[in-house]
Amino acid sequence: MNTPASPTPPPASSALVRLLIVDDDPLVRAGLTLMLGGDQGIDIVGEGADGAEAEELVERLRPDVVLMDIRMPVMDGLTATERLRRRPDAPEVVVLTTFHADEQVLRAIRAGAAGFVLKDTPPARIVDSVRRVAAGDPVLSPAVTRQLMARAAGGGSGDRGDRTERARRRFGQLAEREQEVAVAVGRGGSNAEIAASLYLSVATVKTHVSRILAKLELNNRVQIALLVHDAGLLDTDGEGGSPLG
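Procedures and definitions
- Residues numbered from 1 in each chain as written.
- Predicted model: local features only at pLDDT ≥ 70, side-chain atom pairs only at ≥ 80, totals over all residues.
- Heavy atoms only, no water.
- Helix = DSSP H or I, 4+ residues; strand = E, 2+ residues; numbered from the N terminus.
- Buried < 20%, exposed > 50% of the residue type's maximum accessible area, 1.4 Å probe, protein only.
- Areas by Shrake-Rupley, 256 points an atom, 1.4 Å probe, with all protein chains shown as cover.
- Polar contact = N/O pair within 3.5 Å; in protein donor to acceptor, adjacent residues only side chain to side chain.
- Contact = heavy atoms within 4.5 Å.
- pLDDT = per-residue confidence, 0-100.
- Pairing = 2+ DSSP bridges.
- Right-handed = clockwise from strand over helix to strand, strands pointing away.

Student: Is there a simple way to think about the overall build of the chain in this case?
Tutor: Looking only at helices and strands, the chain features eleven helices and five strands. Within the chain, buried positions represent 47% of all 245 residues. About 11500 Å² of surface is accessible on the chain, with carbon and sulfur atoms providing 50% of the total.

Student: Just checking my understanding: could you explain the side chain of R29 for this structure?
Tutor: Examined against the element boundaries, R29 turns out to sit in helix α1 (residues 26-37). For R29, a relative accessible area of 15% translates into the label buried. Only 3.4 Å separates the side chain of R29 from the side chain of E47, close enough to count as a polar contact. Ignoring anything within four residues of it in the chain, the contact list for R29 reads I21, D23, D24, E47, G48 and A49.

Student: Please explain the confidence of the model for the chain as it appears in this structure.
Tutor: Close inspection of predicted coordinates is inappropriate for parts of the model with low pLDDT. Averaged over every residue, the pLDDT of the chain is 81; residues scoring 70 or more account for 79%. Mean pLDDT across the elements of the chain ranges from a minimum in helix α6 (residues 142-152), with 61, to a maximum in strand β1 (residues 17-22), with 95.

Student: For this particular structure, what's the right way to read the pairing of β1?
Tutor: With five of six residues buried, β1 is to be regarded as a mostly interior element. The pairing of β1 with strand β2 (residues 42-48) spans six bridges and is classified as parallel. Among the inter-strand pairings, V17 is bridged to a residue of β2, identified as I42. Note on the crossover from β1 through α1 to β2: the handedness is right-handed. By the bridge criterion, four bridges tie β1 to strand β3 (residues 65-69) in an arrangement that is parallel. From the neighbouring strand, L19 faces β3, where its bridge partner is V65.

Student: Teacher, can you tell me more about the environment of P122 here?
Tutor: Turning to its location among the elements, P122 is positioned in the loop between β5 (115-118) and α5 (123-134). We classify P122 as partly exposed; its relative accessible area is 41%.

Student: I'm lost on the pairing of β3 in this one. Help?
Tutor: Consecutive residues of a regular strand have side chains that alternate between opposite faces of the sheet. β3 sits mainly inside the fold: five of its five residues count as buried. Of the two faces of β3, the one carrying V65, L67 and D69 and the one carrying V66 and M68 are both buried. As paired strands, β3 and strand β4 (residues 92-97) are joined by five bridges and run parallel to one another. Each bridged residue has a counterpart across the sheet, and for D69 the counterpart in β4 is L96. Crossover connection from β3 via helix α3 (residues 77-85) to parallel β4: handedness right-handed.

Quick look at the structure:
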């Protein structure tokens, strides 16, 4: 955890982010509270020690973001994430882990977590991650996304073939422009970067992303990226291939 982040004023247009911290280690919770509580854009509304407690706290406190440890007693963070993301008023979830791309992180992303941060991440970057998730942006770099997607593709050849076929059928539900935006999301592009590459406005990109999420019943941009990968539309460097024709 090192030193706490310096208090930083939030952007003038941003609302205060309501944050719930869930970790079974009281020292970790204390460290996170110290580093995040000093930021003027974040309001720590509560702390929990396991996933079951997280559900009750979310119901009562209505946080915008939950910073969730994966490995906890009673109910682990993965099960809690799955349950929280099924709520109609689901908060965003960022999972905490000591591993860079383990199987549980992948499962949490597929369950709807908006990303993950390592427990030894510098404090300022954790603050930035919470803010970004609250604003609707993923907190996975393209490199980390590729690691997770490579792990997702690590099953047997039969499993990969079935997954590719299912992903291609779902991808085919999208209009041509939506497919182009989805592949750009799979490359890890931000809304501004996608807008520039496809000669669209940022607002139009946001609209396309929202339509993709709704059509495919996905939770966030990382799940779009995983679907694009499963459909075989990214090469080994993470660059986009040709959309389905």
